[in-house]
Amino acid sequence: MKVIFVTGGVLSGIGKGITAASIGAILKGMDHRVFCQKFDGYLNVDPGTMSPFQHGEVFVTEDGTETDLDLGHYERFLDVELNKYSSFTTGKIYEEIISRERKGEYLGGTVQIVPHLTDLIKEKITLGHQTSGADITIVEIGGTVGDMENEYLLESARQLHTELGRENAIFVHVALLPYLGASKELKTKPVQHSVRELMSYGITPDYLVLRADMQIPDDVLEKVARATGIQHSHVIPAATADSIYHVPLDFEENRLSEKLSASLGLPSRKCDLAKWEHLVDNISASEEILNLGMIGKYNDLEDAYYSLNEGLRTAGYFYRKNVRIQFIDATLVEKKGISVLEGLDGICIPWGFGERGIEGMVLATEYARTNKIPFLGICLGSQIMAIEFARNVLGIADANSEEFSPEGKSNVVRIMETQKSVRSKGGTMRLGTYPCEIRKRTLAHEIYGVETVSERHRHRFEFDPEYRERMEQAGFVVSAVSPDGLLAEIVELRDHPYMIATQAHPEFKSRPTRPHPLFLGLVREMGKNAKG
Ligand code: GLN
């Protein structure tokens, strides 16, 4: 068993996840099988109940685990499918410990952080590694070294490191070099302190990845190496890249594959990063701008729609187009009207929960339908598409979703039977992968090119089949359904070049090197009549 622990120092949000994922991409480039895990210190059992404003996107795995956004980086950089062994929080770990204790599994013993909690962490890492069949598991420890809530995670990592031996477990510490404008220099002291802090837990990092917003001169690297006692060649510079997809290439320029192979006793193999090179070439050739309006409700934060943004942008790069996403708060459309949508080459209504901004989304959808603007709806977006059509084409003025009008008489979108009795909020949605059947001679079929696909879900409400016939007669097409025929999974419009929406979240399956067909389709269509 080989493990790479990734820790963070100085500040949060400096790209520890991207660093870990890029290390993974390099290992994959050498043809190793890689698994990833993220441990977070907070007490929520999973991020599923947290607001997107607080925590960014909730990334859903195939098996329906609601996880941290960093798992999305891992899936995209490694092109792997992760699972319930990939994401743990202190809340989830405590929940298990307490339930074991209540069942009497500790046989009257005193249950303690060491050894019980730390043993459980080690058990989870081992289990994740073994069940995945990976050669190497990357374990990212969330937060920053020195946070009280992560101490027990560092202790578990330290113990596992001792048990596995230094050639089987290594530590990579990612830390920030701040730049001081007045003296025009990158300061190394915070990094030195964070390494010292890590050492106080009994952990000496094998590698230091230094983040800075500019190129890091070699003398700074050397200074850090000398002050921390870490081998100079293991102090890796990581200047902020033009694109995150450049990071694996930047690391490899530093011969990281060779160094990691030596540290972990891996067979020396060539590292093939051709697909990253190809992607980065496409990115730099993507000059023509396509303006895509994202009419959502969590717009202030790029993190909230992270995978969706990546999916759409990378679909752009595939065609060497620069998809510029304009975040337009749906409430702004309500206040200012459709004038804020002028000049857009395409419109996307993303996922969302709760009532705020819904009417603005309906207006934007009507605008896309009547002006034949390429349109893609994601989850909530598909429900909005049904509501808009029912209201403005069928004339059902009060058409709505049960989510926003629980007592409404014309709810074309309803709560699923299986969700009715559910009171608890955590992990109770329709989650994870479900197959669906695509009808032939539909846009969906043309886009996917196959008749059965499976996509990941995260929602409670569904299009009500009661309305299906009437809507279909008027040109609304249910182009994919669940295998039992009941749930509408993809909907589209007959008399529109590209107006399509899915109840699922295609962004979770899209890969930068293999963008999702629904995103590719949208970009292709936007490219046809781009206003530039
Ligand atoms: N709020 C809607 C539902 O729960 C849509 C959810 C989503 O967009 N993921 O069904």
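Treat the numbers as computed from the prediction; the structure is a model and nothing was measured.

1. Quick look at the nonpolar core
And then number 1: Counting residues in each nonpolar core, the largest one holds 54 residues, and the members touching the most others are Ile 4, Ile 23, Leu 27, Ile 138 and Phe 251.
And then number 2: Here this core takes seven residues from helix H1 (residues 16-29), the largest share from any one element.
And then number 3: Setting aside its immediate chain neighbours within four residues, Ile 23 contacts Ile 4, Ile 138, Val 172, Phe 251, Leu 256 and Leu 260.

2. A short note on the state of the cysteines
And then number 1: Taken as a whole and judged by the stated rule, the model has zero disulfides.
And then number 2: Of all cysteine sulfurs in the structure, the one in Cys 271 sits closest to Cys 36, which takes part in no disulfide; the separation is 15 Å.
And then number 3: Among the residues examined, Cys 36 registers a relative accessible area of 0% and is labelled buried.

3. With respect to the site of the ligand
And then number 1: Lining the immediate surroundings of the ligand are Trp 351, Gly 352, Phe 353, Cys 379, Leu 380, Gln 383, Glu 403, Arg 458, His 459, Arg 460, Phe 461 and His 505.
And then number 2: Contact between the ligand and Arg 458: a nitrogen atom at 2.8 Å from a main-chain N or O atom of the residue.
And then number 3: Side-chain polar atom of His 505 to a nitrogen atom of the ligand: 3.1 Å apart, as the coordinates give it.
And then number 4: If the ligand stood free it would expose 300 Å²; the protein chains cover 99% of that surface.

4. Overview of the packing of H1 against helix H3 (residues 70-78)
And then number 1: The interhelical angle for the contact between H1 and H3, taken along N-to-C directions, is 20°, at an axis separation of 9 Å. Here H3 runs roughly parallel to H1, going by the angle between their axes. Where H1 crosses over H3, the two elements pack in a sense that is right-handed. Across the interface between the two elements, Gly 17, Ile 18, Ala 20, Ala 21, Ser 22, Gly 24, Ala 25 and Lys 28 of H1 pack against Asp 70, His 73, Tyr 74, Phe 77 and Leu 78 of H3.
And then number 2: Split by residue class, the contact of H1 with H3 holds seven nonpolar, four polar and two charged.

5. So, the sheet that holds strand E7 (residues 169-176)
And then number 1: The seven strands lie next to each other as E5-E2-E6-E1-E7-E10-E11, forming an open sheet whose pairing is parallel. Each edge of the sheet is formed by a strand with only one pairing partner; in this case those strands are strand E5 (87-89) and strand E11 (235-239). When the angles between neighbouring strand axes are averaged without regard to direction, this sheet yields 20°.
And then number 2: Two strands pair when backbone bridges link them, and strand E1 (residues 2-9) and strand E6 (residues 136-141) are joined in this way by five bridges, in the parallel orientation. Looking at E6, one finds that Val 6 is bridged to Glu 140.
And then number 3: Sitting on the sheet, helix H4 (residues 90-102) is in contact with strand E2 (34-40) and E5, with an inclination near 75° to E5.

6. Considering unusual backbone geometry
Apart from glycine, the bulk of residues carry a negative phi angle, and the bulk of peptide bonds sit in the trans form.
And then number 1: With an omega of 15°, the peptide bond running from Val 114 to Pro 115 counts as cis.
And then number 2: Structurally, the position occupied by Pro 115 is in helix H5 (residues 113-132).
And then number 3: We note that Asp 31 has phi near 75°; this positive angle belongs to a residue other than glycine.
And then number 4: Of note, Asp 31 is situated in the loop between H1 and E2.
And then number 5: Despite not being glycine, Asp 79 shows a phi value in the positive range, around 50°.
And then number 6: Residue placement: Asp 79 occurs in the loop between H3 and E5.

7. Regarding the side chain of Glu 492
And then number 1: Mapped onto the elements, Glu 492 comes out in strand E22 (residues 488-493).
And then number 2: Within the buried set, Glu 492 has no salt-bridge partner at all; the shortest N-O distance to an opposite charge, 8.3 Å, is to Arg 439.
And then number 3: One polar contact links the side chain of Glu 492 to the main-chain amide nitrogen of Leu 443, over a distance of 2.6 Å.
And then number 4: Separated by 2.9 Å, the side chain of Glu 492 and the backbone nitrogen of Ala 444 make a polar contact.
And then number 5: Ignoring any residue separated from it by four or fewer positions in sequence, one finds Glu 492 in contact with Met 385, Thr 442, Leu 443, Ala 444, Gly 475, Phe 476, Val 477, Ser 479, Met 499 and Ile 500.

8. Regarding the packing of aromatic side chains
Here a ring pair, both rings aromatic, is described through the centre-centre distance and the interplanar angle of the planes.
And then number 1: A complete count under the given rule lists 13 aromatic pairs for this structure.
And then number 2: For the ring pair Phe 77 and Trp 276, a centre distance of 5.3 Å and an interplane angle of 25° mean the geometry is stacked. In this pair, Phe 77 sits in helix H3 while Trp 276 sits in helix H11 (residues 274-285), placing the two residues 199 residues apart along the sequence.
And then number 3: For Phe 77, a relative accessible area of 3% puts it in the buried group.
And then number 4: Its relative accessible area of 3% is what places Trp 276 among the buried residues.
And then number 5: Put simply, the rings of Tyr 298, Tyr 305, Trp 351 and Phe 353 pair up and form one aromatic cluster.
And then number 6: Directly above the aromatic system of Tyr 434 lies the positively charged group of Arg 430, at a separation of 4.4 Å from the ring centroid.

9. Comments concerning a negative patch on the surface
And then number 1: Among the surface-exposed residues, Asp 31, Asp 272, Glu 277 and Asp 281 lie close enough to one another that they form a single negatively charged patch.
And then number 2: Within the fold, Asp 272 resides in the loop between helix H10 (256-264) and H11.

10. Notes on the pairing of strand E23 (residues 499-502)
And then number 1: Judged by which residues are buried, E23 turns out to be covered on both faces: Met 499 and Ala 501 on one side and Ile 500 and Thr 502 on the other are all buried.
And then number 2: Note that E22 and E23 share three bridges and pair antiparallel. Paired with Val 491 across the two strands is Ala 501, which belongs to E23.
And then number 3: Counting the residues between successive antiparallel strands, the hairpin from E22 to E23 contains five residues.

11. Some remarks on a nonpolar patch on the surface
And then number 1: On the surface, a nonpolar cluster with roughly 470 Å² of combined accessible area is contributed by Leu 43, Tyr 94, Ile 98, Ile 113 and Val 114.
And then number 2: Listed by contribution, the elements that provide at least two residues to the nonpolar patch are H4 and H5.
And then number 3: Among the structural elements, Ile 113 can be located in helix H5.

Definitions and limits used
Throughout this description, residue numbers start from 1 for each chain and increase along the sequence as written. In keeping with the predicted nature of the model, local features appear solely for residues at pLDDT of at least 70, side-chain atom pairs appear and are counted solely at 80 or more, and the whole-chain, interface and lining totals rest on all residues. Side-chain calculation: all heavy atoms of the structure are included, whereas hydrogens and water are not. We define the nonpolar core as a collection of buried residues of types Ala, Val, Leu, Ile, Met, Phe, Trp, Tyr and Cys that are connected through side-chain atoms lying within 4.5 Å of one another. Type-normalised accessible area, obtained with a 1.4 Å probe on protein chains alone, sets the label of each residue: buried when under 20%, exposed when over 50%, and partly exposed for intermediate values. Numbering goes from the N terminus for both helices and strands, where a helix is a DSSP run of H or I of at least four residues and a strand is a run of E of at least two. The criterion used for residue contact is that any of the two residues' heavy atoms lie within 4.5 Å. Any two cysteine sulfur atoms within 2.5 Å of one another count as a disulfide. The criterion for a residue being near a molecule or strand is simple. One of its heavy atoms has to lie within 4 Å of it. Counted as a polar contact is a pair of N or O atoms within 3.5 Å, where, for protein atoms, one must be capable of donating a hydrogen and the other of accepting one, and residues adjacent in sequence contribute only when both atoms are in side chains. Residue-level accessible areas treat just the shown protein chains as cover; the underlying method is Shrake-Rupley with a 1.4 Å probe. Only the contacting stretch of a helix is used when fitting its axis, a line to C-alpha atoms as for every element, and angles between N-to-C directions run 0 to 180 degrees. In this scheme, roughly parallel covers angles under 35 degrees and roughly antiparallel covers those over 145, while 65 to 115 is roughly perpendicular and the rest are oblique. We call a crossing left-handed when the near helix sits turned anticlockwise from the far one by less than a right angle, and right-handed when that turn is clockwise. By the convention adopted, Pro, Cys, Tyr, Trp, Phe, Met, Ile, Leu, Val and Ala count as nonpolar, Lys, Arg, Asp and Glu as charged, and the other residues, Gly among them, as polar. Two strands are said to pair when DSSP picks up at least two bridges between them. For this count, His and the chain ends are skipped, Lys and Arg are scored as positive, and Asp and Glu as negative. Every case where a carboxyl oxygen of Asp or Glu lies within 4 Å of a side-chain nitrogen of Lys or Arg is listed as a salt bridge. Only centres within 6.5 Å qualify two rings of Phe, Tyr or Trp (six-membered ring in Trp) as a pair; their planes then separate them into stacked at under 30 degrees, edge-to-face at over 60, and tilted for everything else. Any Lys NZ or Arg CZ that is within 6 Å of a ring centre and within 35 degrees of that ring's normal is treated as a charge sitting over the ring. For patch detection, residues must exceed 30% relative accessible area and be free of salt bridges, and they are connected within 9 Å for like charges or within 5 Å for nonpolar side chains (Val, Leu, Ile, Met, Phe, Trp, Tyr). Taken as the charge centre is NZ of Lys, CZ of Arg, CG of Asp or CD of Glu, depending on the residue.

Just geometry here; none of it tells us what the structure is for.
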